Amino acid sequence: MRAAVLHHPAPIASRPLVLEDLPIPEPGPGQVLLKVEACGVCRTDLHITAGELKPLRDSVTPGHQIVARVEKLGPGVDSIHIGHRAGVSWLGGVDGTCPLCRKNRENLCDHPTYTGYSVNGGYAEYAVARADFLTPLPEEPSATNLAPLLCAGIIGFRSLRVAEVATGDRVGLFGFGASAHLAIEVLKSWNCEVYVSTRGASHRQLARDMGATWVGDATERPPVPLDSAVTFAPSGDVVVAALASLRKGGIVAINAIHLDRIPQFDYDSLLWGERQLRSVANMTRQDGRDFIALAAKIGIRPRTTVFRLDQVNDALAAVANDAIDGAAVVIP
Ligand SMILES: [Zn+2]
Ligand SMILES: [Zn+2]
């Protein structure tokens, strides 16, 4: 099979993935072999290919928003059948036994498997995955429309849960990339008012087109106090702007793996009053299943730009340079 492989160190930093011919992998006990239909590009892939996330193996195939068909069952798998459509997300497995798993917080597992990072992912014609970590997928829409839902969508959805968004709330989205432009669809289905602060005129226009109540620049404060906010930019300034936008009791959920320094801020005016600052880490299987079911019900169709597998480095560059609206998707 053809697969895009990241070697450490990458020989050419600007084109980190190398297309190779590899044997089709065998599914082990509890695993399935998947024929990849599409794999979405996530900003986390950029952190992996740049080595900002510590390399865990000599080489790995990235990609963790995989839409696929089950091709072959490993020993002991009876939860899914050959030919079924299934999705694979960032959380590829957990130990099920650590203290956090036992508290139903598998997103924080002490011994997780990460798709496309600690195990091979979806920038390839085939992939193997744990059967119990697959997300069942509907037959519609297309694979390229479904792929961006599997990380950007699920994490955005989890961020709204972490922010404890309720029906009809006033919610701020700080940043308007792949994750936020899916989250706004969920918020509209919950009849929320959505206030978007983002840099880039094209992102602001997209937010207006998608029904935002108010749109402003990156650290601009919305005109009304918010019930909650999600920040998507890796910027501490943006986190403080979001905090400053909250009413009493409001919550800011930070949807970013990396954040630059959070500037000093005034506790009395910004955090007092039981305002809360929370981070969003990974996802649970339940987040994935709940979000995919909701996305199917309300008909979320992400905007996408499609790249072939031999253009995967161009896809990564397009995401890095903010050169496309919506999501980049790679098809084998
Ligand atoms: Zn991701
Ligand atoms: Zn665990």
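These numbers were taken from a predicted model, which means no experiment stands behind them.

The next point concerns the overall build of the protein chain. In terms of regular secondary structure, the protein chain is built from 10 helices and 18 strands. Taking 2.2 N^0.38 as the reference for a compact globule, 332 residues should give roughly 20 Å; the C-alpha atoms of the protein chain span a radius of gyration of 20 Å, in line with that estimate. Over its C-alpha atoms, taken along the principal directions, the protein chain stretches across nearly 60 × 40 × 35 Å. Here the protein chain holds 332 residues, and 48% of them are scored as buried.

Our next topic: the sheet that holds strand β15 (residues 246-254). The six strands are arranged β13-β12-β11-β14-β15-β16 in an open sheet whose pairing can be described as parallel. Edge positions in the open sheet fall to β13 (214-216) and β16 (276-279), since each of these has one partner strand only. For this sheet, the mean inter-axis angle between neighbouring strands, taken without regard to orientation, is 15°. Here five bridges tie strand β14 (residues 226-231) to β15, and the two strands are oriented parallel to one another. Across the sheet, the residue bridging to Ala-229 is Val-252, located in β15. In this fold helix α5 (residues 180-189) packs onto β11 (170-174), β12 (193-197) and β14, with an angle of close to 170° to the strand it touches most, β11.

The subject of this paragraph is the environment of Val-252. With respect to the helices and strands, the residue Val-252 is situated in strand β15. C-alpha of Val-252 to C-alpha of Arg-208: the two residues are 44 residues apart in sequence and 22 Å apart in space.

Glancing now at α5. Along an α-helix, residues three or four positions apart point the same way, because every turn accommodates 3.6 residues. With eight of 10 residues buried, α5 is to be regarded as a mostly interior element. Residues of α5 that are buried include every one of Ala-180, His-181, Leu-182, Ala-183, Ile-184, Glu-185, Val-186 and Leu-187, and no others. In this structure, the buried residues of α5 make contact with α4 (152-162), β11, β12, α6 (201-209), β14 and α9 (285-298). Positive phi appears at Asn-191, one or two residues downstream of α5, with a value of about 55°.

Here we come to the sheet that holds strand β4 (residues 59-60). Across the sheet, which stays open at both edges, the three strands sit in the order β2-β1-β4 with antiparallel pairing between neighbours. Edge positions in the open sheet fall to β2 (17-21) and β4, since each of these has one partner strand only. Of the pairings in the sheet, the one linking strand β1 (residues 2-7) to β4 comprises two bridges and is antiparallel in character. Counted as the bridge partner of Leu-6 is Val-60 from β4.

What follows concerns unusual backbone geometry. The residue after His-8, namely Pro-9, is reached through a cis peptide bond having omega -5°. Of note, Pro-9 is situated in the loop between β1 and β2. In this structure, Pro-141 follows Glu-140 across a cis peptide bond, with omega equal to -5°. By secondary structure assignment, the location of Pro-141 is in the loop between β10 (135-136) and α3 (143-146). Despite not being glycine, Asn-191 has its phi angle at roughly 55°, a positive value. Mapped onto the elements, Asn-191 comes out in the loop between α5 and β12.

Locating Gly-51 in the fold gives a position in the loop between α1 (43-49) and β4. Taking the C-alpha atoms as reference points, Gly-51 and Pro-25, 26 residues apart in sequence, are found 25 Å from one another.

When a protein is soluble and globular, its nonpolar side chains tend to lie buried together. Ranked by internal contacts, the top residues of the largest apolar core, which has 98 residues, are Leu-34, Ala-127, Leu-173 and Ala-183. Counting residues domain by domain, this core receives three or more from each of domain 1 (2-150 + 302-331) and domain 2 (153-279).

All right, on to the packing of α4 against α5 then. In the contact formed by α4 and α5, the axes pass within 8 Å of each other and the chain directions differ by 55°. As judged from the angle between their axes, α4 and α5 are oblique. For the crossing formed where α4 meets α5, the hand is right-handed. Mapping the contact onto sequence places Ala-152, Gly-153, Gly-156, Phe-157, Ser-159 and Leu-160 in α4 and Ala-180, Leu-182, Ala-183 and Val-186 in α5. Residue composition of the contact of α4 with α5, by class: seven nonpolar, three polar and no charged.

Another point: the domain arrangement of the protein chain. Taken domain by domain, the protein chain comprises domain 1 (2-150 + 302-331) and domain 2 (153-279). Taken over C-alpha atoms, the centre of domain 1 sits 27 Å from the centre of domain 2. Listed as interface residues are 11 residues of domain 1 and, on the opposing side, nine residues of domain 2. Along the lines of polarity and charge, the residues of the side of domain 1 that touches domain 2 split into five nonpolar, four polar and two charged.

Basis of the calculations
- Residues numbered from 1 in each chain as written.
- Chains lettered and ligands numbered in written order.
- Predicted model: local features only at pLDDT ≥ 70, side-chain atom pairs only at ≥ 80, totals over all residues.
- Helix = DSSP H or I, 4+ residues; strand = E, 2+ residues; numbered from the N terminus.
- Rg over C-alpha atoms; globule rule 2.2 N^0.38 Å.
- Buried ≥ 20, exposed ≤ 12 C-beta atoms within 10 Å, placed from the backbone.
- Pairing = 2+ DSSP bridges.
- Axes fitted to C-alpha atoms, helices over the stretch in contact; angles between N-to-C directions.
- Contact = placed C-beta atoms within 7 Å.
- Core = buried A, V, L, I, M, F, W, Y, C linked by C-beta atoms within 7 Å.
- Domains from an automatic or database assignment.
- Parallel < 35°, antiparallel > 145°, perpendicular 65-115°, else oblique.
- Left-handed = near helix turned anticlockwise from the far one by under 90°.
- Nonpolar A, V, L, I, M, F, W, Y, C, P; charged D, E, K, R; others polar.

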